[in-house]
Amino acid sequence: MGEIKLSASQADIKTFFTQIEPLSFEENILELACNSPIVKERIENRYHAQIKRSAEKITKEKVELSIAVIPFEIRIANPQEKIGPLFHKEEEKSFSKEDFNKSRTEANLFEKYTFENFIVGANNRLAHTVAMTIAENPGKAYNPFFIYSGVGLGKTHLMQAIGNRILEKFPDHRVVYCPGESFTNELVESIRLAKVQKNALTKFKDKYRKADVLLIDDVQFIAGREATQEEFFHAFNALFMAGKQIVLTSDKPPSEIQKLEKRLSSRFASGMIADMQMPDSEMRSAILRSKKEELKLNVPNEICDFIAQNTETNIRELEGAFTQIITRMQTLNKSFTMENVREALGKKDKVQNIAPNMILKATATYYGIKLTDIKGHRRLKEFVTPRQLAMFLIRNLTSLSLTDIGNLFEGKDHTTVLHSIEKIKKEVEQKDKLRQDAENIKTTLGIK
Ligand code: ADP
Ligand code: MG
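The rules behind these values
Residues numbered from 1 in each chain as written. Chains lettered and ligands numbered in written order. Predicted model: local features only at pLDDT ≥ 70, side-chain atom pairs only at ≥ 80, totals over all residues. Heavy atoms only, no water. Helix = DSSP H or I, 4+ residues; strand = E, 2+ residues; numbered from the N terminus. Rg over C-alpha atoms; globule rule 2.2 N^0.38 Å. Buried < 20%, exposed > 50% of the residue type's maximum accessible area, 1.4 Å probe, protein only. Areas by Shrake-Rupley, 256 points an atom, 1.4 Å probe, with all protein chains shown as cover. Lys, Arg positive; Asp, Glu negative; His and termini not counted. Charge placed at Lys NZ, Arg CZ, Asp CG, Glu CD. Pairing = 2+ DSSP bridges. Axes fitted to C-alpha atoms, helices over the stretch in contact; angles between N-to-C directions. Contact = heavy atoms within 4.5 Å. Core = buried A, V, L, I, M, F, W, Y, C linked by side-chain atoms within 4.5 Å. Near = heavy atom within 4 Å. Polar contact = N/O pair within 3.5 Å; in protein donor to acceptor, adjacent residues only side chain to side chain. Nonpolar A, V, L, I, M, F, W, Y, C, P; charged D, E, K, R; others polar. Parallel < 35°, antiparallel > 145°, perpendicular 65-115°, else oblique. Phe/Tyr/Trp six-rings, centres within 6.5 Å; stacked < 30°, edge-to-face > 60°. Lys NZ or Arg CZ within 6 Å of the ring centre and 35° of its normal.

Q: Just to check I follow, could you spell out the overall build of the chain for this structure?
A: Check the secondary structure of the chain and you find 22 helices and eight strands. On C-alpha atoms alone, the chain measures out to a radius of gyration of 33 Å, which is more than a quarter above the 22 Å that the 2.2 N^0.38 rule sets for 448 residues. For the chain, the spread of C-alpha atoms along the three principal axes comes to 110 × 50 × 45 Å. For the chain, with 448 residues in total, the buried portion stands at 44%. For the chain, the accessible surface area stands at approximately 24700 Å², while carbon and sulfur atoms represent 52% of it. Across the chain, 68 positive and 61 negative side-chain charges occur, with their mean positions spaced 5 Å apart.

In structure tokens form, the structure reads like this:
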């Protein structure tokens, strides 16, 4: 209008230009709306070339002009038809693969963690569904979203998948992924820097408060430090109030994180909480099969099944065992037969059909202690070794999972069971007496 004012007549400006308004500017077509055919005709006849030229001068691109007759009342009643400011070229920008890679790196996201390679089962279905919903609709559906699980069960993977999908769908969103530990370290560092560099702290604050999507992984690491929790509390509130998406992960539910301020744990719990468990052996096998396809490896499915059945700690270790076996087979130039794999996995074949309770009883009888003592929690040496040996035997002779074994022993944690078994495994190799005990107990059970 500034340009046109210089040359158009005062009368035309008052009568006609006041009756047109910009509708949209897309794909280099400038669309104007006016109230009546008379206005349209007048503008087109007299000012078409001039408006076009002015628009081209401003956008530095070729512009086509289109004038639509839409009565003012209709435009007011349908505000969504009005596209706001005339030149919003920035937002129309299309994003190339390079732009995407750049924003992914800036967001601190890895290419390998996506929804496409995240296997879903009963153990993680809720978390996955919520994550997908959030990725479609950041800041709208569930906020904050809090995921917790034991180590190696997919928290980081799922959280990063959310970030990657959001960047794909909404390229102009600012996604910030940060491990809780880095958040703490960065804050401490900027407090230190702030003594010599005035804007150090502001820079830190800006990074987090300007995010559209904030992903804090292992948020339990911010617990314990007052300054960190204080800053995080403010960042959290600022983002939350602005309707930005926040996703958090932790090894425990919010209320169980030690030394976490109440105001934070209650905020963490205020949105959606989902946990993830160890997948069952079928799903573990599905994970390996998908990995095998991804790596284009020629490994029989039974081998995946076998490794899956025998790795019960977490998915990270499952993948570790798989990779180790593959590497071993490849370097030794061996084929993927069950026998070779079994050897590589260092596991004896499991004898089925032995009741775990029989093993318990046989071990207790052998050592002359009561069943309640072998199962119980008393830490006397004469109970501890038999107890751990029984766990070891049950593990080797049945297909019970670590958790199942823990339950047999008055609900012990599966990590305790794992620790006991590992300990006995070493001792059986080193101590003749213990090895003999194990053999004797097996004999009483009718196993050679
Ligand atoms: P956490 O953060 O809970 O410790 P990670 O997200 O690092 O666990 O997962 C450990 C490994 O297991 C990663 O390599 C990840 O890709 C893989 N993983 C975890 N869950 C799944 C799943 N559902 N499908 C496929 N891979 C998974
Ligand atoms: Mg993690």
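Don't stop here, the text continues.
Q: Whenever I open this one, the sheet that holds strand β8 (residues 272-276) confuses me. Can you help?
A: Strand pairing within a sheet occurs via backbone hydrogen bonds; the two strands may be parallel or antiparallel. The five strands are arranged β5-β6-β7-β4-β8 in an open sheet whose pairing can be described as parallel. Two strands bound the open sheet, and with one partner strand each, they are β5 (175-179) and β8. Across the sheet, the mean angle separating the axes of adjacent strands is 15° when strand polarity is ignored. As paired elements, strand β6 (residues 213-217) and strand β7 (residues 245-250) share four bridges and run parallel to each other. Directly across from V213, in β7, lies its bridge partner Q245. With respect to the sheet, helix α9 (residues 180-193) is in contact with β5 and β6, its orientation differing from that of β5 by roughly 90°.

Q: Where do I start with the nonpolar core in this structure?
A: Membership of the largest hydrophobic core comes to 28 residues, with the highest contact counts inside it found for I359, L360, L389, F392, L393, I394 and F409. Per element, the largest residue contribution to this core is eight residues, and it comes from helix α19 (residues 381-397). Setting aside its immediate chain neighbours within four residues, L360 contacts L371, I374, K375, A390, I394, L408 and F409. Ranked by size, the runner-up nonpolar core spans 26 residues in total, among them L109, F115, Y177 and M276.

Q: Help me understand the site of ligand 1, please; the structure alone is not making it clear to me.
A: Around ligand 1 sit 17 residues in total, of which I119, G152, T156, H157 and E319 are the nearest. In this structure, an oxygen atom belonging to ligand 1 sits 2.7 Å away from a side-chain N or O atom of H157. For ligand 1, an oxygen atom lies 2.7 Å from a polar atom in the side chain of E319. Burial of ligand 1 by the protein amounts to 91% of the accessible area it has alone, namely 560 Å². Secondary-structure elements contributing two or more residues to the shell around ligand 1 are α8 (155-169) and α15 (315-331). Grouping the amino acids of the shell around ligand 1 by side-chain chemistry returns six nonpolar, eight polar and three charged.

Q: Just to check I follow, could you spell out the packing of α9 against helix α11 (residues 226-241) for this structure?
A: Viewed as axis vectors pointing N to C, α9 and α11 meet at an angle of 100°, and their least axial separation amounts to 10 Å. Considering the angle they form, α9 stands roughly perpendicular to α11. Contacts between α9 and α11 involve F183, T184, L187 and I191 on the former and, on the latter, A227, T228, E231 and F232. Taken together, the residues that form the contact of α9 with α11 break down as five nonpolar, two polar and one charged.

Q: Help me understand the packing of aromatic side chains, please; the structure alone is not making it clear to me.
A: The geometry of an aromatic ring pair is captured by two quantities: the separation of the ring centres and the angle between the planes. Considering all chains together, one arrives at 12 aromatic pairs under this definition. With 6.0 Å between their ring centres and 15° between their planes, F236 and F240 make a pair best called stacked. One end of the pair is F236 and the other is F240, both in helix α11 and four residues apart, which spans about a single turn. Residue classification places F236 among the buried positions, given a relative accessible area of 2%. Among the aromatic residues, those joined into a cluster by ring pairs are F146, F183, F204, Y208, F232, F236, F240 and F268. R263 extends its terminal NZ or CZ atom over the ring of F233, reaching a point 4.1 Å from the ring centre.

Q: What exactly am I supposed to notice about the environment of T156 here?
A: Mapping T156 onto the fold places it in helix α8. Sequence separation between T156 and L248 is 92 residues, and the spatial gap between their C-alpha atoms is 9.8 Å. Aside from chain neighbours lying at most four places away, what touches T156 is Y113, Y177 and D217. Here D217 takes part through its side chain, which lies 2.6 Å from a polar atom of the side chain of T156.

None of this, on its own, says anything about what the molecule does.
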